[in-house]
Amino acid sequence: MISGRNGSRLRPRGQTREGSSASCRFRAGKAGLALVLLSVAGCSAIKAAVPTDPDALAEYKAANDPYEPLNRKMFNLTMKFDKWALRPMAKAYVWTVPRPVRNSLGNMITTMNEPSVFFNDVGAGKPRRAGDAFVRWCLNMTVGIGGLIDVAKMAGFPHHDNDGGLTLANWGISSGPYLFLPMGPSSFRDGIGYGLDQGLSPWNYVPRGYGLISFNWAYNLFGVVHGRSEHLDDLDALERDALDPYATIRSAYQQQRKAQAEAIKNDHRATVPAWYQ
């Protein structure tokens, strides 16, 4: 939870971790909500007043959160849902499923998201990264038994993050105002990017029948619970220690997204891996 669309986006301790797509697969209604927020963006009831004091105005611009009143309401609602539903499910999952099994399931979720990473790497004009994602998919889905074992990482192809929002950022599209959506922090750009990701994911085109639709929903919901289980201690510490958890999450998210976008933009590796040259 509060891990954003891609599960990797928010880590209150500030680290960027490999394989973090394990918690990025919740697909229900997030892009739609972003469009609703866009449609009501002019309503004064959801917008913060622009300060006149120079220092306060500088802080207001740095936060990039003109819809803070609405975002805080969504944050409070999300935290209540987390407290009474998602966190207990995540704790039960951790309690009942051994760590090695959870690691394997996390590898599977990450592997199943590799097609989306691949297409975004292509869209960002990064053929080496796209090649790595393609190799990861092929190795893990075959030798790795459907992604349960991260064979690609052992072979020198660690997971890397990419999504529609980061691809748009790579082409110079600004993030737009900060948003807090039901499953975590986002922005106008990342909300649009989420919609693009759904179009790029092959799992949204599975044929009906054979239980595949049920599997798709189960896979997405499981990804949310698994992703929340990865941050139980982090978010408990955040709620306990932060003076303003909302502002802390907003700052961590914005810094991490900026760092991820810069990493993609500055990746100028040769298309051919070093071992092949």
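Rules of the game
- The residue numbers shown here count from 1 along each chain, following its written sequence.
- Where totals are concerned, whole chains, interfaces and linings use all residues; where local detail is concerned, this predicted model gives features only for residues with pLDDT of at least 70, and gives and counts side-chain atom pairs only at 80 or more.
- Based on all heavy atoms of the structure, the side-chain values leave hydrogens and waters out of the count.
- Each helix is a run of H or I in the DSSP string that is no shorter than four residues. Each strand is a run of E no shorter than two, and both are numbered from the N terminus.
- To sort residues, take the accessible area from a 1.4 Å probe on protein chains only and compare it with the maximum for the residue type: under 20% means buried, over 50% means exposed, and anything in between is partly exposed.
- By the convention used here, residues are in contact when the closest approach between their heavy atoms is within 4.5 Å.
- In short, Shrake-Rupley with a 1.4 Å probe defines the accessible areas, and a residue's cover is counted only from the protein chains shown.
- Nitrogen and oxygen atoms within 3.5 Å of one another constitute a polar contact, given that in protein one can donate a hydrogen and the other can accept it, and given that sequence-neighbouring residues count only through two side-chain atoms.
- Joining through side-chain atoms within 4.5 Å is the link that ties buried Ala, Val, Leu, Ile, Met, Phe, Trp, Tyr and Cys residues into a set, and such a set is a nonpolar core.
- What makes a patch is a set of residues exposed beyond 30% relative accessible area and free of salt bridges, joined within 9 Å when like-charged and within 5 Å when nonpolar (Val, Leu, Ile, Met, Phe, Trp, Tyr).
- A pair is scored as a salt bridge if a Lys or Arg side-chain nitrogen falls within 4 Å of a carboxyl oxygen belonging to Asp or Glu.
- Only centres within 6.5 Å qualify two rings of Phe, Tyr or Trp (six-membered ring in Trp) as a pair; their planes then separate them into stacked at under 30 degrees, edge-to-face at over 60, and tilted for everything else.
- Any two strands with at least two DSSP bridges between them are considered paired.

Secondary structure summary: the protein contains twelve helices and two strands in total. Taken from the N to the C terminus, the helices and strands of the protein come in the order α-α-α-α-α-α-α-α-β-β-α-α-α-α. When burial is assessed residue by residue, the protein has 46% of its 277 residues classed as buried. A sequence separation of at least 24 residues applies to 73% of the contacts in the protein between residues at least 6 apart. If you sum the accessible surface of the protein, you get close to 13700 Å²; carbon and sulfur atoms cover 65% of it.

Notably, Asn 64 is not glycine yet its phi reads approximately 50°, a positive angle. Looking at where Asn 64 falls in the secondary structure, it is placed in the loop between helix H2 (54–63) and helix H3 (68–96). You will see that Ile 145, though not glycine, has its phi angle at about 55°, which is positive. Following the sequence through the fold, Ile 145 ends up in the loop between helix H6 (127–142) and helix H7 (151–154).

Taking burial as the measure, the ten residues of H2 include one buried ones, a minor fraction of the element. Between the side-chain oxygen of the N-cap and the backbone nitrogen of Asp 55 there are 3.2 Å, and the N-cap of H2 in question is Asp 53. Residue Asn 64 follows H2 closely and has a positive phi angle near 50°.

Moving on, we come to the nonpolar core. Counting residues in hydrophobic clusters, the biggest one holds eleven residues: Met 74, Phe 75, Met 79, Tyr 178, Phe 180, Leu 235, Leu 238, Ala 242, Tyr 246, Ile 249 and Tyr 253. Of all the secondary structure elements, the ones that give two or more residues to this core are H3, strand S1 (178–181), helix H11 (232–241) and helix H12 (245–265). By size, the runner-up hydrophobic cluster in this structure holds six residues, among which are Leu 86, Tyr 93, Val 97 and Val 224.

The next thing to look at is a nonpolar patch on the surface. Nonpolar side chains collect at one region of the surface, where Ile 145, Leu 148, Ile 149 and Met 154 lie side by side and expose about 380 Å² of accessible area between them. When its relative accessible area of 53% is taken as the criterion, Ile 145 is described as exposed.

Turning to the packing of aromatic side chains, a few remarks are in order. How two aromatic rings sit relative to each other is given by the distance of their centres and the angle of their planes. For the structure on display, the rule yields eight aromatic pairs. Between Phe 75 and Tyr 246 the ring centres are 5.5 Å apart and the planes differ by 75°, which places this aromatic pair in the edge-to-face class. On the criterion of sequence distance, the pair formed by Phe 75 in helix H3 and Tyr 246 in helix H12 is long-range, its members being 171 residues apart. There is no split in this pair, since Phe 75 and Tyr 246 are both buried. Three or more aromatic residues joined by ring pairs make a cluster, and in this case those are Phe 75, Tyr 178, Phe 180, Tyr 246 and Tyr 253.

Let us now look at the pairing of S1. Going residue by residue along S1, you find Tyr 178 and Phe 180 tucked away on one face and Leu 179 and Leu 181 tucked away on the opposite face as well. Hairpin connection of S1 to strand S2 (residues 184–187): two residues between the antiparallel strands.

Moving on, we come to the pattern of salt bridges. Side chains bearing opposite charge may pair, as long as their charged atoms lie close to each other. For the structure shown, the criterion picks out 18 salt bridges. With its nearest N and O atoms 3.5 Å apart, the salt bridge here joins Asp 132 to Arg 269. In this pair, Asp 132 is assigned in helix H6 and Arg 269 in the segment after H12, connecting sequence segments 137 residues apart. Since its relative accessible area comes to 8%, Asp 132 is described here as buried.

Turning to the environment of Trp 137, a few remarks are in order. Here Trp 137 is to be found in helix H6. For the pair Trp 137 and Asn 113, spaced 24 residues apart in sequence, the C-alpha separation works out to 8.8 Å. Excluding its chain neighbours within four sequence positions, the residues that come into contact with Trp 137 are Thr 111, Met 112, Glu 114, Pro 115 and Trp 203.

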